[in-house]
Amino acid sequence: MYKKIISTVVLLAVITLVQAHEFWLHTDKFFFNPGENIVVSFKVGENFMGEPWNLNVHRVTKLEHHHANTSKSILESVNPGEKDNLTVPLPEAGTHMLVMQSNNAFIELEGEKFNAYLKEDGLDEVYAHREKTNALTKPAKEFYSRHTKLLVQVGDKKDDTYKKNLGLPIEIIPEMNPYTLKKGDPVRFKILFEGKPLFGARVKVWNRYDNRTTLQNIYTEKNGVMETRISNSGPWMVSVVNMVPSKEVGADWQSYWGSLVFGVE
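Predicted model only: the values in this text are computed from it and were never measured.

Novice: Explain the pattern of salt bridges to me, and be specific about the residues and the numbers.
Specialist: As enumerated under the stated definition, the model contains 8 salt bridges in all. Across the pair E175 and R188 runs a salt bridge, and its minimum N-O distance is 3.2 Å. Separated by 13 residues along the polypeptide, E175 in the loop between β11 (170-174) and β12 (186-193) and R188 in strand β12 bring together distant segments of the chain. Taking relative accessible area as the criterion, E175 reaches 38% and is therefore assigned partly exposed.

Structure representation (structure tokens):
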């Protein structure tokens, strides 16, 4: 019985790790006064709650602080602990953006787990290809990288930092400043893949409010845009994944994970 319990726990842990796709830059507050510092933790997991991202396994290749027309690398400021991975001064009023990109990592999954992951994230074309080629029962090898943004507001001054196109492989760009939004407002986001609008992507929209997480699944239009509505205050995350055949030897597929986090008062 004891061994059976241990086996079940291990199995659940493996399933959790396989499903722990979303990655984001976490902060406990989104509104600051000029001169304050923002403290950021790197999180990975489901339900917009997450666990610490293991910096001893994964590597950050780009980490930048953007504000108005300025851009600064803050890669050397990373603390590889389990929380409070980054502390950044916010000296000037305006909308500020932190941007992170990971290295290209590798994973191999059994066929059934890979298929479940494809269905969960709306990667229907990849699933259809595996079905057509009689590969549903075969394991899959995948390279994956993460690309995430965090927007915060300092003081009352708003600016256009939020709409910077940084040329990430996959990128989420709001069509309006999230810090002008209030409950009930519509908001639109454009999803770009390799600089072009991504059509038919399943975008997940997360909100944490009153210790609960709500999740919406919304598909992008031909212009790469999807629309939702601000239903509550609190932290919000928009996330998306796109998967294509791998151009590099050693994997069947290459996936690109994107996320954008902001707060609403």
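Novice: Help me get a handle on helix α3 (residues 124-132), residues and values and all.
Specialist: Listed in full, the buried residues belonging to α3 are V126, Y127 and R130. The buried residues of α3 occupy an angular sector of 100° when projected down its axis, which confines them to one face. Among the exposed residues of α3, those oriented more than 90 degrees off its buried face are E125 and K132. Elements in contact with the buried residues of α3: α2 (111-120), β10 (140-154), β17 (234-245) and β18 (253-264). Just downstream of α3 lies N134, where phi reads positive at about 55°.

Novice: Describe the packing of α2 against α3, listing the residues and the values that go with them.
Specialist: Two elements in contact, α2 and α3, have axes separated by 8 Å at closest approach and are oriented at 145°. Seen along the crossing, α2 lies across α3 with a hand that is left-handed. From α2, G111, F114, N115, L118 and K119 reach across to α3, where they touch V126, Y127 and R130. Looking at side-chain class alone, the contact of α2 with α3 contains 4 nonpolar, 2 polar and 2 charged residues.

Novice: Quick one: what's the story with the side chain of T27, residue by residue and with numbers?
Specialist: One can find T27 in the loop between β1 (23-26) and β2 (31-32). Polar contacts involving the side chain of T27 include one to the main-chain carbonyl oxygen of K29, which spans 3.0 Å. One polar contact links the side chain of T27 to the main-chain carbonyl oxygen of V39, over a distance of 3.4 Å. Once residues within four sequence positions are removed from consideration, T27 is found in contact with F32, I38, V39 and L150.

Novice: Tell me what's going on with the packing of aromatic side chains, and back it up with residues and numbers.
Specialist: For the coordinates displayed, the defined rule picks out 10 aromatic pairs. With centroids separated by 5.5 Å and ring planes inclined at 90°, the aromatic side chains of F114 and Y117 adopt a geometry described as edge-to-face. In this pair, F114 and Y117 both sit in helix α2, 3 residues apart, roughly one turn of the helix. Looking at Y117, the relative accessible area reads 3%, which means it is buried.

Conventions used here
- Numbering of residues starts from 1 in every chain and runs along the sequence as written.
- This being a predicted model, a pLDDT of at least 70 is required before a residue's local features are given, and a value of 80 or more before pairs of side-chain atoms are given or counted; all residues contribute to the totals for chains, interfaces and linings.
- Where side-chain values are given, they derive from all heavy atoms of the structure, hydrogens and water being excluded.
- A pair is scored as a salt bridge if a Lys or Arg side-chain nitrogen falls within 4 Å of a carboxyl oxygen belonging to Asp or Glu.
- Counting from the N terminus, the helices are the DSSP runs of H or I reaching at least four residues and the strands are the DSSP runs of E reaching at least two.
- Only protein chains enter the calculation, and the probe is 1.4 Å; a residue is then buried if its accessible area is under 20% of its type maximum, exposed if over 50%, and partly exposed in between.
- The arc in question is the one traced by the directions running from the helix axis out to the C-beta atoms.
- Whether two residues are in contact is decided by their heavy atoms: any pair within 4.5 Å suffices.
- Think of each axis as a best-fit line through the C-alpha atoms, taken over the contacting stretch in the case of a helix, with angles from 0 to 180 degrees between the N-to-C directions.
- Should the near helix be turned counterclockwise from the far one by less than a right angle, the crossing is left-handed, whereas a clockwise turn marks it as right-handed.
- For this scheme, ten residues count as nonpolar: Ala, Val, Leu, Ile, Met, Phe, Trp, Tyr, Cys and Pro. Four count as charged, namely Asp, Glu, Lys and Arg, and the remainder, Gly too, count as polar.
- N or O atoms within 3.5 Å of each other form a polar contact, as long as, within protein, one can give a hydrogen and the other can take it, and as long as residues adjacent in sequence are counted only when both atoms are side-chain atoms.
- When the centres of two rings from Phe, Tyr and Trp lie within 6.5 Å, Trp using its six-membered ring, the rings pair. Their planes under 30 degrees apart give stacked, over 60 give edge-to-face, and anything left gives tilted.

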